[in-house]
Amino acid sequence: MNIILASASPRRKEILENVNLKFTVIASDIEEVILENEPPKDLVMRLAFEKCMDVAIKNKDDLVIGADTIVVLQNKILGKPKNQEDAYNMIKSLSNKKHQVITGISLINLSSDKKVIDYVVSEVTFKDLSDELIRDYISTNESLDKAGAYGIQGYGSLLVESINGDYFNIVGLPISKISNLLKEHFDVNLFK
């Protein structure tokens with residue numbers, strides 16, 4: 001069974017490559033709509049499923065992996081910033097606080113009618129960030145395409161005081177959880 005990653009994220013692709021998984025990338029082009037009053041974990045699971053299903057419909061015999069990651073601060077969802085000012089405000093709001101990174105994951109193989117949806121939550125605590133440090137980070141342009149306006153795997157690591165949970169979830173793909181789900185539901189062992 002061929003495996004497809006339904007995401008254009010270079011970070012997700014790299015995580016799967018790091019465990020020598022053979023897969024192809026077919027990015028979903030669904031519109032990511034946030035429903036009013038939708039709980040964050042429901043949002044990421046729905047979007048992961050929609051992305052996954054969008055690709056699975058055209059690839060019924062393949063196993064498709066979809067994911068969606070958000071940053072949540074005090075029940076407020078922080079998506080990708082619109083511009084540098086938005087990125088600055090997001091990072092400023094995260095300064096000296098704990099927030100959650102939630103990734104919804106979906107695995108679908110339509111020929112066997114198997115659909116799995118789950119999610120992983122990790123907590124990240126930011127240092128007390130000076131305005132100068134935030135501006136220095138924004139100047140790297142790393143923040144512009146990332147939920148919560150930071151990437152923990154790059155310069156964003158310099159903003160973090162501590163994490164609690166799955167580091168790879170924070171990057172965008174909780175590979176340990178995916179490995180468990182692949183083995184349990186699809187008899188795919190990443191060690192082989």
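Anything mentioned here points back to the structure above.
Quick notes on the rules
Residues numbered from 1 in each chain as written. Predicted model: local features only at pLDDT ≥ 70, side-chain atom pairs only at ≥ 80, totals over all residues. Heavy atoms only, no water. Helix = DSSP H or I, 4+ residues; strand = E, 2+ residues; numbered from the N terminus. Rg over C-alpha atoms; globule rule 2.2 N^0.38 Å. Buried < 20%, exposed > 50% of the residue type's maximum accessible area, 1.4 Å probe, protein only. Contact = heavy atoms within 4.5 Å. Areas by Shrake-Rupley, 256 points an atom, 1.4 Å probe, with all protein chains shown as cover. Patch = residues over 30% accessible without salt bridge, like charges linked within 9 Å, V, L, I, M, F, W, Y side chains within 5 Å. Salt bridge = Lys/Arg side-chain N within 4 Å of Asp/Glu carboxyl O. Core = buried A, V, L, I, M, F, W, Y, C linked by side-chain atoms within 4.5 Å. Axes fitted to C-alpha atoms, helices over the stretch in contact; angles between N-to-C directions. Parallel < 35°, antiparallel > 145°, perpendicular 65-115°, else oblique. Left-handed = near helix turned anticlockwise from the far one by under 90°. Nonpolar A, V, L, I, M, F, W, Y, C, P; charged D, E, K, R; others polar. Phe/Tyr/Trp six-rings, centres within 6.5 Å; stacked < 30°, edge-to-face > 60°. Lys NZ or Arg CZ within 6 Å of the ring centre and 35° of its normal. Arc of directions from axis to C-beta. Polar contact = N/O pair within 3.5 Å; in protein donor to acceptor, adjacent residues only side chain to side chain.

The next thing to look at is the overall build of the protein chain. A tally of helices and strands in the protein chain yields six helices and seven strands. In terms of overall size, the protein chain behaves like a compact globule, its C-alpha atoms giving a radius of gyration of 17 Å where 192 residues would be expected to give roughly 16 Å. Based on the C-alpha atoms only, the size of the protein chain along its principal axes is roughly 55 × 35 × 25 Å. Expressed as a percentage of the 192 residues in the protein chain, the buried residues total 51%. In the protein chain, of all internal contacts separated by at least 6 residues, the share reaching a separation of at least 24 is 66%. By element, 48% of the accessible surface of the protein chain is carried by carbon and sulfur atoms, the whole surface being about 9,900 Å².

Taken together, the side chains of Ile-163, Tyr-167 and Phe-168 define a hydrophobic patch exposed on the protein surface, amounting to about 240 Å² of accessible area. For Phe-168, the location among the structural elements is in helix α5 (residues 167-171).

Turning our eyes to something else, we now look at unusual backbone geometry. Excluding glycine, a negative phi dihedral is what most residues carry, and trans is how most peptide bonds are arranged. Despite not being glycine, Asn-37 shows a phi value in the positive range, around 65°. Residue position: Asn-37 is located in the loop between β2 (24-25) and α2 (40-56). Classification of Asn-37 by relative accessible area gives exposed; the value is 72%. With phi around 70°, Ala-149 is a residue other than glycine that occupies positive phi space.

A side chain of one charge can pair with a side chain of the opposite charge when the charged atoms of the two come close. Inspection of the entire model under this criterion finds 14 salt bridges. Across the pair Lys-58 and Asp-54 runs a salt bridge whose closest N-O atoms are separated by 3.4 Å. Relative accessible area serves as the criterion here: at 18%, Asp-54 is assigned to the buried category. By sharing partners, the salt bridges in this structure join Arg-11, Asp-145 and Lys-146 into a single network.

With 43 residues, the main nonpolar core has Ile-91, Leu-107, Phe-126, Tyr-150 and Leu-182 as its most contacted residues. If we skip the residues at most four places from it in the chain, Ile-91 touches Phe-126, Leu-129, Ile-134, Tyr-137, Ile-138, Ser-143, Gly-148, Ala-149 and Leu-159. One finds Ala-6, Cys-52, Met-53 and Ala-56 within the second-largest nonpolar core, a separate group that totals eight residues.

Packing of helix α3 (residues 84-94) against helix α4 (residues 131-138) brings their axes to within 10 Å, and their N-to-C directions diverge by 135°. In terms of their interaxial angle, α3 and α4 are classed as oblique. Crossing geometry of α3 relative to α4 is assigned as right-handed. Counting all contacts with α3, which are made through Gln-84, Ala-87, Tyr-88, Ile-91 and Lys-92, the residues of α4 involved are Asp-131, Ile-134, Arg-135, Tyr-137 and Ile-138. Within the contact of α3 with α4, the residues separate by chemical class into six nonpolar, one polar and three charged.

Attention now moves to the packing of aromatic side chains. To describe a pair of aromatic rings, you give the distance between the ring centres and the angle between the ring planes. Applying the stated criterion across every chain yields a total of two aromatic pairs. Consider the rings of Phe-126 and Tyr-150, whose centres lie 4.8 Å apart with planes at 70°: the pair is edge-to-face. Taken together, the residues Phe-126 in strand β6 (residues 114-126) and Tyr-150 in the loop between α4 and β7 (160-164) connect sequence positions 24 residues apart. What makes Phe-126 buried here is its relative accessible area of 0%. For the pair Tyr-167 and Phe-168, a centre-to-centre distance of 5.3 Å together with 80° between the ring planes defines the contact as edge-to-face. Under the relative-accessibility criterion, Tyr-167 is labelled partly exposed at 32%. Of note, Lys-114 hangs over the ring of Phe-186, and the distance from its end group to the ring centre comes to 5.7 Å.

Among the residues making up helix α6 (residues 175-186), those that are buried are Ile-175, Ile-178, Ser-179, Leu-181, Leu-182 and Phe-186. What you see down the axis of α6 is that its buried residues fit within an arc of 170°, all on one side. Of the residues one or two after α6, Asp-187 is the one with positive phi, at around 55°.

If you trace the backbone, Ser-28 turns up in the loop between β2 and α2. In this structure the side chain of Ser-28 is engaged in a polar contact, spanning 3.2 Å, whose partner is the backbone nitrogen of Ile-30. A polar contact is formed between the side chain of Ser-28 and the side chain of Asp-54, at a distance of 3.0 Å. If sequence neighbours within four positions are ignored, Ser-28 has contacts with Ala-6, Lys-51, Asp-54 and Val-55.

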